[in-house]
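# Chains, contacts and geometry: an overview
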Amino acid sequence: MSLGSSRPTFKPTPYGYTRRRRGIPRWLVLLIAGIAVGAGGVLFLQRSYGPQRLTVEQSEQLRMDLNTSNLENQRLSAEAKSLRQAIGKAKSSQEDATQQAQQLRKQTADMAAGVSTLIAAIPPDPRGTSPGIRSADMVVRDGSLHYQVLLIQDLPEGASQVGQLRGEVKLVGVGTYPNGKTVYVDLNTQPLDMGRYIVIEGDTELPKAYRLRQVTVQITAEGSDKVIATRTIRATTAR
């Protein structure tokens, strides 16, 4: 028997329980480290590859540019509205003009039909020429001759219109002076350019003391002296 203490000596065994020191768990350290590394990576990516932050001057310039763009957009919108209104008015005016043109064409056709009817009712030229001198007025007033002559070309058979006739209209007066002598006087000559019909009118001064009795109307074609139509009309004196 030993003389020392009788308390048995502690020896740890593989299946025994030992008390460890308390500290920060390793998993928490790893979690915090991961968060820190991730945040740093995000900041790095934003600074390296992400959109850059604007300065105060750049922000103010951007705001001014946006305001200018808005004003320009408003101006263009107003101009587009005005242009649409102008186009609408133009279309309306064009429609009105088209309707008026149609009405004028109808009126012209009606007038042409009326003129054809009137022409058919006018007595023919006694000489049977074309153009025919269908009617004429010769009026002496205040020492001048006031004349009006209606010329009409006959339509060729089966035709709806005639060719243009160019030439001259000549007025030759027959009258006397106080001594009783009969004198022929060339009163007036004017150019002629007619289609189906034309009215020749005007005034011409008579010689002093000349008493006009009648007027002969003579028609010549362009480039020829041959008279293709003639008619003598008695002159009247206005009261």
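The present account deals with the structure reproduced in this document. Small disclaimer: the values here were computed from a predicted structure and weren't measured.

Before going further, it helps to examine unusual backbone geometry. Outside of glycine, negative phi angles account for most residues, and trans bonds account for most peptide bonds. Of note, the bond from S130 into P131 is cis; its omega dihedral lies within 30 degrees of zero at 10 degrees. Here P131 lies in the loop between helix 2 (56–121) and strand 1 (132–141). One non-glycine residue, D142, adopts positive backbone phi at about 55 degrees. The topology assignment puts D142 in the loop between strand 1 and strand 2 (144–152). Exposure remark for D142: the relative accessible area of 77% places this residue in the exposed category. Here A209, not a glycine, exhibits a phi torsion of approximately 65 degrees, which is positive. Relative to the elements of secondary structure, A209 occurs in the loop between strand 5 (197–205) and strand 6 (211–221).

Bringing the side chain of R134 into the picture now. In this fold, R134 is placed in strand 1. The buried category is assigned to R134, whose relative accessible area is 12%. A distance of 3.2 Å separates the side chain of R134 from the side chain of D154, its partner in a polar contact. Here R134 is in contact with I119, I122, P123, P124, D125, L150, I152, D154 and R231, once residues within four sequence places are set aside.

Moving on, we come to the environment of Y210. For Y210, the location among the structural elements is in the loop between strand 5 and strand 6. For Y210, a relative accessible area of 8% gives the class buried.

Take T204: it is sitting in strand 5. The buried category is assigned to T204, whose relative accessible area is 10%. Residues T204 and S144, spaced 60 residues apart in sequence, show a C-alpha to C-alpha distance of 5.6 Å. Discounting residues that sit within four places of it in the chain, T204 has contacts with S144, L145, Y147, L187 and N188. A distance of 3.0 Å separates a polar atom in the side chain of T204 from the backbone oxygen of L187.

Next up on the list: the sheet that holds strand 8 (residues 236–237). With mixed pairing, the four strands of this open sheet are ordered in space as 5-2-1-8. Taken across any chain shown, the strands that pair with only one partner, and hence form the sheet edges, are strand 5 and strand 8. Looking at chain direction, strand 2 and strand 5 are connected through nine bridges and run antiparallel. From the neighbouring strand, I152 faces strand 5, where its bridge partner is Y197.

Moving on: the sheet that holds strand 7 (residues 227–234). A sheet is described by the order of its strands in space; here four strands give the open sequence 4-3-6-7, paired in antiparallel fashion. Of all the strands in the sheet, the pair left with one neighbour each is strand 4 (182–194) and strand 7. Strand-to-strand twist in this sheet, taken as the mean axis angle between neighbours without regard to direction, amounts to 20 degrees. Examined bridge by bridge, strand 3 (residues 165–176) and strand 4 share 12 bridges and lie antiparallel to one another. Bridge pairing links V174 to Y184 in strand 4.

The next thing to look at is the side chain of T176. Structurally, the position occupied by T176 is in strand 3. Relative accessible area serves as the criterion here: at 13%, T176 is assigned to the buried category. With residues up to four places along the chain from it excluded, the contact list for T176 reads K181, T182, A209, Y210, R211 and R213.

Take the pattern of salt bridges next. As enumerated under the stated definition, the model contains six salt bridges in all. In this structure, the salt-bridge partner of E72 is R75, at a minimum N-O distance of 2.4 Å. Of this pair, E72 and R75 both sit in helix 2, three residues apart, which is roughly one turn of that helix. Using a relative accessible area of 38% as the deciding quantity, one classes R75 as partly exposed. Two residues, E79 and R75, come together in a salt bridge whose shortest N-O distance is 2.5 Å. Of this pair, E79 and R75 both sit in helix 2, four residues apart, which is roughly one turn of that helix.

Conventions we followed
- Residues numbered from 1 in each chain as written.
- Predicted model: local features only at pLDDT ≥ 70, side-chain atom pairs only at ≥ 80, totals over all residues.
- Heavy atoms only, no water.
- Helix = DSSP H or I, 4+ residues; strand = E, 2+ residues; numbered from the N terminus.
- Buried < 20%, exposed > 50% of the residue type's maximum accessible area, 1.4 Å probe, protein only.
- Polar contact = N/O pair within 3.5 Å; in protein donor to acceptor, adjacent residues only side chain to side chain.
- Contact = heavy atoms within 4.5 Å.
- Pairing = 2+ DSSP bridges.
- Axes fitted to C-alpha atoms, helices over the stretch in contact; angles between N-to-C directions.
- Salt bridge = Lys/Arg side-chain N within 4 Å of Asp/Glu carboxyl O.

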